[in-house]
Amino acid sequence: MELAPAAAALPVGFQTPSAARIAAAFLLAYRGNTRAAYAADLTHFGRWCATLDVDVLACSRAHLDAYVEQQTRDGAAATTIRRRMSAVAGFYAYAVDEGLITRSPATRVRRPAAGDNVQSTGLTVAEAGELIAAAEAHSPRAAVIVLLSLLLGLRVSELCTATVADLSYQRGHRVLTVTRKGGKRQTMAVPPRAAAAIDDYLGERREGPILCTATGKPLDRHALWRLIRRLAAVAVPHLADRLHPHDLRHTCATLALDAGAALRDVQDLLGHADPRTTRRYDRARFSLDRSPSHQLAVLLG
């Protein structure tokens, strides 16, 4: 098996033959954005090891504790540190399986706790409606992007990789089968408004990516992000400088819960493996309404 291409992108800390082989093999277990993210995380770790002149396979738990502490001092978000450490732990677990090291130095390394509070609650119903209207006025492609983001809660990677062949019908429903994190395939019902937008956009096209450029190439995540910002400038100008495609996925979760959808059903819709991820959205949607400040204002009023 040829592993050199995956290893070639890694920094000095992974360039010893054994470390490079394990890093490449570990990354081959993933695909798409997950592989790219883990490669970037290992790159970050490898560069840090290189500054200490320590080979990654010679690291101890003390080195990894210091790595976590350094990231904290540098201001990295807790979620970023946890993700990087997941990549590092996966690399060492692979090295143990291959017999290059006897135990993983990452086994008992403390990581920042994942916060239960999600600060943003996404768009309101009115704001979401304005964004849909702006998208439909802009172009058929923009309408598809916004409707699939808001109604199905799709991730950017899921939008950009969906193909016309992924569309079909099941039991009278228009459905879209998307590739979720880890390569899992999930079939999702497409509401009539979104289905109509897709048909309008595709016309007679029967193959290729659903979202494409004028030359027929798949639309990339950066172009999608720029389009969302342009639409935000029209529909929700107060959010124009900070609205992110993930905010539309967040909006899907909070508005679905507001509409009475069961938490488990929203978890399935978003493809969350852990129900705690969905519950963070549930807490966030009530955090402002339940603030004790409202009762205090009445008392002092």
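One can find the structure itself at the top, above this paragraph.
Quick look at the structure, then.

What counts as what
Residues numbered from 1 in each chain as written. Predicted model: local features only at pLDDT ≥ 70, side-chain atom pairs only at ≥ 80, totals over all residues. Heavy atoms only, no water. Phe/Tyr/Trp six-rings, centres within 6.5 Å; stacked < 30°, edge-to-face > 60°. Helix = DSSP H or I, 4+ residues; strand = E, 2+ residues; numbered from the N terminus. Buried < 20%, exposed > 50% of the residue type's maximum accessible area, 1.4 Å probe, protein only. Lys NZ or Arg CZ within 6 Å of the ring centre and 35° of its normal. Core = buried A, V, L, I, M, F, W, Y, C linked by side-chain atoms within 4.5 Å. Contact = heavy atoms within 4.5 Å. Expected span 1.5 Å × (residues − 1).

1. A short note on the packing of aromatic side chains
Move 1: Inspection of every chain in the model, using the stated rule, returns seven aromatic pairs.
Move 2: Ring geometry for F26 against Y38: centres 5.8 Å apart, planes inclined by 15 degrees, an arrangement best described as stacked. Pair noted here: F26 is in helix α2 (residues 17-27) and Y38 is in helix α3 (residues 32-52), with a separation of 12 residues, a long-range link.
Move 3: Judged by its relative accessible area of 4%, F26 falls in the buried class.
Move 4: For Y38, a relative accessible area of 17% gives the class buried.
Move 5: One aromatic cluster is present, formed by F14, F45, W48, Y67, F91 and Y92 through successive ring pairs.
Move 6: Geometry around Y201 places R205 over its ring, the cationic atom sitting 5.6 Å from the centre.

2. Description of the nonpolar core
Move 1: Core analysis: the largest hydrophobic core is formed by 47 residues, its most contacted members being L148, L176, L211, L224 and L243.
Move 2: Secondary-structure elements contributing two or more residues to this core are α6 (125-138), α7 (140-152), α8 (156-161), β2 (173-179), α9 (192-202) and α10 (221-235).
Move 3: With nine residues, α7 is the largest single contributor of residues to this core.
Move 4: Not counting residues up to four positions away in its chain, the partners in contact with L243 are L123, L131, W225, I228, R229, A232, V236 and L248.
Move 5: By size, the runner-up hydrophobic cluster in this structure holds 30 residues, among which are A19, C49, V56 and A87.

3. Looking at helix α11 (residues 245-258)
Move 1: Taking 1.5 Å per residue as the helical rise, α11 with its 14 residues ought to reach 20 Å, and the 20 Å between its terminal C-alpha atoms agrees with that figure.
Move 2: Counting buried positions over the 14 residues of α11 gives 11, a clear majority of the element.
Move 3: Turning to α11, its buried residues are P245, D247, L248, R249, H250, T251, C252, A253, T254, A256 and L257.
Move 4: G260 occupies a position one or two residues after α11 and carries a positive phi of about 100 degrees.

None of this, on its own, says anything about what the molecule does.
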